[in-house]
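Architecture at a glance
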Amino acid sequence: MLKEEYIALEPVDSTVLIDTITTSRRVIERDTLDYRVLMYTHIIEKQNYLIEIGRTTETITQFIKPLQKVALNVLVLLIGITLVLDLFFTRFLLRPLGKIIKSKLQNRKFPFNEQIDAVKTTTEDFRLLDKSFIALMEQINEAFEKEREFTSNASHELMTPISILQSKMENMMMAEDVGENQQERILELMRTLSRLKKIVNALLLISRIENEQFGKTNNVSPSNLIAEVIEELKERMEEKGLRCTVNLHPHHQLEGVNNDLLFQLFYNLVNNSIRYNKPGGSITIVDRIAADGRYEIIIRDTGSGIPPAELPNIFNRFKKAGRTEGEGVGLGLAIVKSILDFHGMTIQVSSRLSEGTNIVIGV
Amino acid sequence: MKVLIVEDEKMLAAEIENFLRRAHYLCDISHTANEGLDKITINMYDFVLLDLGLPDFDGLQLLKDARKHNPDAAYIILTARGDTDDRIRGLDLGADDYLAKPFSLLELQSRMQAINRRKFGLKDQVLSIGDFIVDLKLRVVKLGINEIELSKKEFDLLSYLLLHRNRPLTRMQLSEHIWGNYVDDDYDSNFIDVHIKNIRKKLSAFGTVEWLETIRGVGYKIRKQD
């Protein structure tokens, strides 16, 4: 195309010195065209000359498009390279970190029974991190083992003397030369010893549960479990003339729990419901799926209830809710609480004096 | 019947011996595992009562070795360690029963009797009391052709009293036998009375039960009959 560019040099009189770029219209050899013009006033021997270098705007726009295209391509290419580099970083350089997280933090459940292996890496920081993790885990394991050993030893040391006393009393009781009077005294001793034995047993059970010395490998159907508990306690209910209604989903399963501990849990709760119930009262055991999707078992009784002031303390060891009848050792509900905590279950107790108690267990 | 008691706690070993001798068992005592193993290799025993926490080596190891020399003996593990793993390992190694300390001597004796019944078949399974016949294997109580229906706990209670005939059994001893580890307190012991009342009521519809005596302030006893 002709007249794409032009250069003009002409003398001007104006005292205004021009130095600018503008878009303006010029008439070149009878054609009027839009130009992008660089204007500059040059002074030679006190005479001003205006230099103009112009290019038609049309040709300029023609060049812009391919230029933009090239720039875009380069940009895309750069982004691509950055992504690849990033991936390389995370995939290769940070791989040990991922391994550490996977082997030390996820997929790990206390107690750490399996061998703890170091993650292979040449990065100093990762090695330090891994080492600290392993050291921490070993420390926890050691503490756990010590506690376990202590419980076992304490159990042995406490049970042996109790054992000796119990055997001695039983033998005394059966001796032919014991009078009725003495027999009754020995019985008092046996009763006291039996109480001591139960307290020690309960405390050891709680500490074993808290040390996670029980497996969680059973699948249990609540409906069967409660049926077993009721069977065990049936005669007590009959004796007190209690009506027991059980309505549980027959196919619901609790997975990864300890059957014996759950039995003990419900045994203690139902036994309490019987024990503090009024003659001719009732016990209701139902389950439901709560609004948040959790499975809940509800035990309701028409018993004497728990005074509001004592509600917060019922799960504390050796706190008795002012109930003197029966002389419990006050550890039944502490055992319940530790079994619930062991399984990560929750309990809510609401009660009205002389109307009854409502217990909700959330799985 | 010959019994070996392997128990490092001398006083406890003596009490067990004292009790078993009265029940006409012949007893040997060893206080260490080595001593126990020596005795087992020389003598034949019907029962070996084995404490797991021995001073020289582990009771479970002793159990393994002892069974090679004396495979016919019945092994009962007595332990205060209370580790559930021990129980499983012990039974896996061929122990016949397991008693956690502290145990009642009566419980020990009834476990020994149960093992005997298993070993020697029917011989000892049917007991008679008054006009009644108690079949421990079929778990029924009969008078003539009438079968008397007892609940599981009532039957356990009656047979426990019967096996320890002529001995006053306390409510605690009875409730420990019936409820084992789940016993919480005296509330359970008091429940023995309810069961006994029911047993008396059910049996007296068919015959006299004056052999089942209440010992005031203590518990119950089945009187030996001549």
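Throughout this description, residue numbers start from 1 for each chain and increase along the sequence as written. Written order decides the labels, with chains lettered from A and ligands numbered from 1. With pLDDT at 70 or above as the cut-off, local features in this predicted model cover only qualifying residues; side-chain atom pairs require 80 or more to be listed or tallied, and sums for whole chains, interfaces and linings still use all residues. Side-chain metrics rest on all non-hydrogen atoms present in the structure, leaving aside hydrogens and water.

Our next topic: the overall build of chain B. For chain B, the helix and strand inventory stands at eight helices and 12 strands. Across the 226 residues of chain B, 55% fall into the buried class. Contact criterion: two residues are considered in contact whenever any of their non-hydrogen atoms come within 4.5 Å of each other. Taking the contacts inside chain B whose residues are at least 6 apart along the sequence as the reference set, 56% of them involve residues at least 24 apart. Exposure was quantified through the Shrake-Rupley algorithm and a 1.4 Å probe, taking into account, for residues, occlusion by the shown protein chains and nothing else. With the model as given, the accessible surface of chain B reaches about 10000 Å², and the carbon-plus-sulfur share is 49%. A run of DSSP states H or I qualifies as a helix once it reaches four residues; a run of E qualifies as a strand once it reaches two. Both are numbered from the N-terminal end. The cut-offs for exposure are 20% and 50% of the maximum accessible area for each residue type, with area from a 1.4 Å probe on protein chains only; residues under the lower value are buried, those over the upper are exposed, and the others partly exposed.

This next bit is on the overall build of chain A. Along chain A, the regular secondary structure elements total seven helices and 11 strands. When each of the 363 residues of chain A is scored for burial, the buried share is 39%. A total of about 22200 Å² of accessible surface is found on chain A, and carbon and sulfur atoms cover 56% of it.

Before going further, it helps to examine a nonpolar patch on the surface. Residue and element names in this part refer to chain A. Residues qualify for a patch when their relative accessible area is over 30% and they have no salt bridge, like charges being joined within 9 Å and the nonpolar side chains of Val, Leu, Ile, Met, Phe, Trp and Tyr within 5 Å. When a carboxyl oxygen of Asp or Glu is within 4 Å of a side-chain nitrogen of Lys or Arg, the pair counts as a salt bridge. Nonpolar side chains collect at one region of the surface, where Val70, Val74, Leu77, Leu78, Ile81 and Leu85 lie side by side and expose about 550 Å² of accessible area between them. Along the chain, Ile81 turns up in helix α1 (residues 57–93). Ile81 sits in the partly exposed class, given a relative accessible area of 44%.

Throughout, the protein atoms alone are placed on a 1 Å grid, and a set of points is a cavity if a 1.4 Å probe fits but cannot get out or a pocket if it is open with protein on both sides within 12 Å along at least five of seven lines; lining residues have an atom within 4 Å of a point. Grid points are joined across faces, edges and corners, and a volume is the space filled by probe spheres set on the points. Tallying each qualifying case throughout the model produces three cavities of 30 Å³ or more. Estimated volume of the second largest cavity: approximately 110 Å³. For the second largest cavity, the full set of lining residues is Gln166, Met169, Met190, Leu193, Ser194 and Lys197 of chain A together with Met172, Gln173 and Glu176 of chain B. Among the secondary structure elements, those contributing two or more residues to the lining of the second largest cavity are α3 (124–174) and α4 (180–210) of chain A together with α7 (171–179) of chain B. At four residues, α4 of chain A tops the list of elements feeding residues into the lining of the second largest cavity. Residues are grouped as follows: nonpolar covers Ala, Val, Leu, Ile, Met, Phe, Trp, Tyr, Cys and Pro; charged covers Asp, Glu, Lys and Arg; every other residue, Gly included, is treated as polar. Of the residues belonging to the lining of the second largest cavity, the class tally is four nonpolar, three polar and two charged.

Let's shift gears to the pairing of strand β3 (residues 47–51) of chain B. All names here are of chain B. Most of β3 sits inside the fold, with five of its five residues counted as buried. Residues Phe47, Leu49 and Asp51 point to one face of β3 and Val48 and Leu50 to the other, with burial holding for every one of them. Two strands are said to pair when DSSP picks up at least two bridges between them. Direction of pairing for strand β1 (residues 2–6) relative to β3: parallel, over a ladder of four bridges. Following the sheet pairing, Leu4 is matched in β3 by Val48. Where β3 lies against strand β4 (residues 74–79), five bridges are found, and the strand directions are parallel. Of the residues in β4, the one forming a bridge with Phe47 is Ala74. Regarding the hand of the β-α-β motif, the stretch spanning β3, helix α3 (residues 59–69) and β4 is right-handed. Seen with its strands pointing away from the viewer, a crossover is right-handed when the path leading from the first strand over the helix to the second is clockwise.

Of the voids in this model, the second largest pocket is the one considered here, and its volume is about 960 Å³. Of all the elements, helix α5 (residues 105–120) of chain B adds the most residues to the lining of the second largest pocket, at five residues.

Let's shift gears to the interface of chain B and chain A. Across the boundary between the two partners, chain B contributes 45 residues, which contact 43 residues of chain A. When two components associate, each loses some accessible surface as probed by a 1.4 Å sphere; the sum of these losses over both components is called the buried area. Each partner contributes to the roughly 4300 Å² buried at the junction of chain B and chain A, and carbon and sulfur atoms together form 52% of this total. Across the pair Glu184 of chain A and Arg216 of chain B runs a salt bridge whose closest N-O atoms are separated by 3.7 Å. At the level of secondary structure, the elements contributing two or more residues to the side of chain B that touches chain A comprise α1 (10–22), α4 (84–92), α5, α6 (152–163), α7 and α8 (186–204) of chain B. Across the side of chain B that touches chain A, the residue classes break down as 18 nonpolar, 10 polar and 17 charged.

With that settled, consider unusual backbone geometry. Omega for the peptide link from Lys101 of chain B to Pro102 of chain B comes to -5°, which places this bond in the cis form. For Lys46 of chain A, which is not a glycine, the phi torsion comes out positive at approximately 65°. Structurally, Lys46 of chain A is set in the loop between β3 (31–44) and β4 (47–56). Even without glycine at this site, Arg139 of chain B takes up a positive phi of about 60°. Inspection of the secondary structure puts Arg139 of chain B in the loop between β7 (132–135) and β8 (140–143).

Moving on, we get to the environment of Asp96 of chain B. Residues and elements named next belong to chain B. Of note, Asp96 is situated in the loop between α4 and β5 (97–100). On a C-alpha basis, the gap between Asp96 and Tyr75 in space is 5.3 Å, while along the polypeptide they are 21 residues apart. When near neighbours in sequence (up to four residues on either side) are disregarded, Asp96 contacts Ala73, Ala74, Tyr75, Leu91, Ile115 and Arg118.

Confidence per residue, as judged by the predictor, is encoded in pLDDT with a range of 0 to 100. In this model, chain B carries a mean pLDDT of 85, and residues with pLDDT of at least 70 account for 92%. β1 of chain B holds the highest mean pLDDT among the elements of chain B, 94, whereas α4 of chain B holds the lowest, 77.

Mapped onto the fold, Thr160 of chain A is located in helix α3. If we ignore the near neighbours within four places in the chain, the residues touching Thr160 of chain A are Glu9 and Ala80 of chain B.

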